[in-house]
Amino acid sequence: MSGIVCCLDDDVEIFEQASAQDAGAFCSGKLSGFPHMQKALRHNLREIAAEQGSYGAIDSRKTKQNYVVHGSETSAAAMSIAKSIISAADTGGKALRKDAVVGIELIFTALPKTKGGLKEYFADCTQWAQQEFGAPLLSSVVHHDESSPHCHVILVPLVNGKMNGARLYGGKATMSARLTSFYRSVGKHYGLIRPAVRVKQPLGERKRLLQRCADFLARTFLTGQQIQALLKPHR
């Protein structure tokens, strides 16, 4: 099925795209510690030579098509800004843990036939990310030199003067609500269709429903083996 697969760790939803033959993704992850953030920034700003050429997935001939939507042109400058933001955080007199979440990164992969054009789409994705998380926007970079166009957005999880990356990132309920927010604010304006949320039935109820299906199918021309094969994916 064609569509945009919105992946937030192990939470997966699908936005169907009418008449589209390409798939894209919206995913997010936590950047724990400054080394992790710096590596992400160096990748996004194409400062890692080993990733390019015949040994990497990056087509260096197309790298010049990449562009910065927001933030610094170098990882060193971006890290300096990030550390300045974080240094102003209220840590209660305690030193920030080395593995503390210092950044949240989102990646938006667009459909080539997205309504309104990719530049506008990525700009709206960037704006949505900043407004949705309510945290300082550190960097937003668009890549055109890999298999499909995509945008990396990095936020510093500083809210109300405090660093709280894990809470801001949230769990499954937060992620699901975020997907709905993304659809309403951005997705639907670019031809994306938010599917109905599927509710998984409790095990006991599911067994009863499957048994009713099996009893009904038993009255058809299907063999027992065929019925079991049909119902297996739903158990």
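For the structure itself, look to the data block above.
Residues numbered from 1 in each chain as written. Predicted model: local features only at pLDDT ≥ 70, side-chain atom pairs only at ≥ 80, totals over all residues. Heavy atoms only, no water.

*Asks:* Tell me about the side chain of S75, residues and numbers included.
*Replies:* Topologically, S75 is positioned in helix α2 (residues 75-87). Residue class for S75 comes out buried when judged on its relative accessible area of 5%. Those residues in contact with S75 that lie beyond four places of it in its chain are L41, R42, L45 and E47. (Helix = DSSP H or I, 4+ residues; strand = E, 2+ residues; numbered from the N terminus. Buried < 20%, exposed > 50% of the residue type's maximum accessible area, 1.4 Å probe, protein only. Contact = heavy atoms within 4.5 Å.)

*Asks:* Before we move on, could you go through unusual backbone geometry and cite the residues and values that matter?
*Replies:* In the Ramachandran plot, R46 falls in the positive-phi region, its phi being about 60 degrees despite a non-glycine side chain. When you line up the elements, R46 lands in the loop between α1 (34-44) and β4 (67-70). Assessed through its relative accessible area of 12%, R46 is described here as buried. Backbone geometry places N160, a non-glycine residue, at a positive phi of 55 degrees. In this structure, N160 sits in the loop between β8 (158-159) and β9 (162-163). By relative accessible area, which is 78% here, N160 ends up exposed.

*Asks:* Describe the pattern of salt bridges, and please don't skip the residues or the numbers.
*Replies:* Evaluated as defined, the whole model comprises five salt bridges. Its salt-bridge partner being R46, residue D145 comes within 2.8 Å of it at the nearest N-O pair. Of this pair, D145 sits in the loop between β6 (137-143) and β7 (150-155) while R46 sits in the loop between α1 and β4; the two residues are 99 residues apart in sequence, bridging distant segments of the chain. Side by side, D145 and R46 carry an identical accessibility label, which is buried. Between E132 and R178 there is a salt bridge; the shortest N-O distance is 3.7 Å. Separated by 46 residues along the polypeptide, E132 in helix α3 (residues 118-133) and R178 in helix α5 (residues 172-185) bring together distant segments of the chain. The class of E132 is partly exposed, set by a relative accessible area of 29%. For R178, a relative accessible area of 7% puts it in the buried group. (Salt bridge = Lys/Arg side-chain N within 4 Å of Asp/Glu carboxyl O.)

*Asks:* Go over the packing of α3 against α5, please, and point to the residues and values.
*Replies:* Relative placement of two packed helices is described by the angle separating their axes and the distance separating the axes. Two numbers describe how α3 lies on α5: the axes approach to 11 Å, and their chain directions differ by 135 degrees. Comparing the axis directions of α3 and α5 gives the class oblique. Crossing handedness for the pair α3 and α5: right-handed. On the side of α3, the interface is formed by Y121, C125, W128, E132 and F133, while α5 contributes R178, S181, F182 and S185. (Axes fitted to C-alpha atoms, helices over the stretch in contact; angles between N-to-C directions. Parallel < 35°, antiparallel > 145°, perpendicular 65-115°, else oblique. Left-handed = near helix turned anticlockwise from the far one by under 90°.)

*Asks:* Now, about the pairing of β7: what can you tell me, with residues and values included?
*Replies:* Summarising burial for β7: six of the six residues are buried, a large majority. As paired strands, strand β5 (residues 101-109) and β7 are joined by six bridges and run antiparallel to one another. Bridging from a neighbouring strand, L106 pairs with V153 of β7. By the bridge criterion, six bridges tie β6 to β7 in an arrangement that is antiparallel. Bridged to S140 within β7 is V153. (Pairing = 2+ DSSP bridges.)

*Asks:* Describe in detail the nonpolar core, supporting the description with residues and values.
*Replies:* If you look at the biggest cluster of nonpolar residues, it comprises 26 residues, and the most contacted ones within it are L106, F108, Y121, F122, W128 and F182. Elements supplying a minimum of two residues to this core: β5, α3, β6, β7, α4 (165-169) and α5. If you look at the next biggest cluster of nonpolar residues, it comprises 15 residues, including A40, A78, A82 and L138. (Core = buried A, V, L, I, M, F, W, Y, C linked by side-chain atoms within 4.5 Å.)

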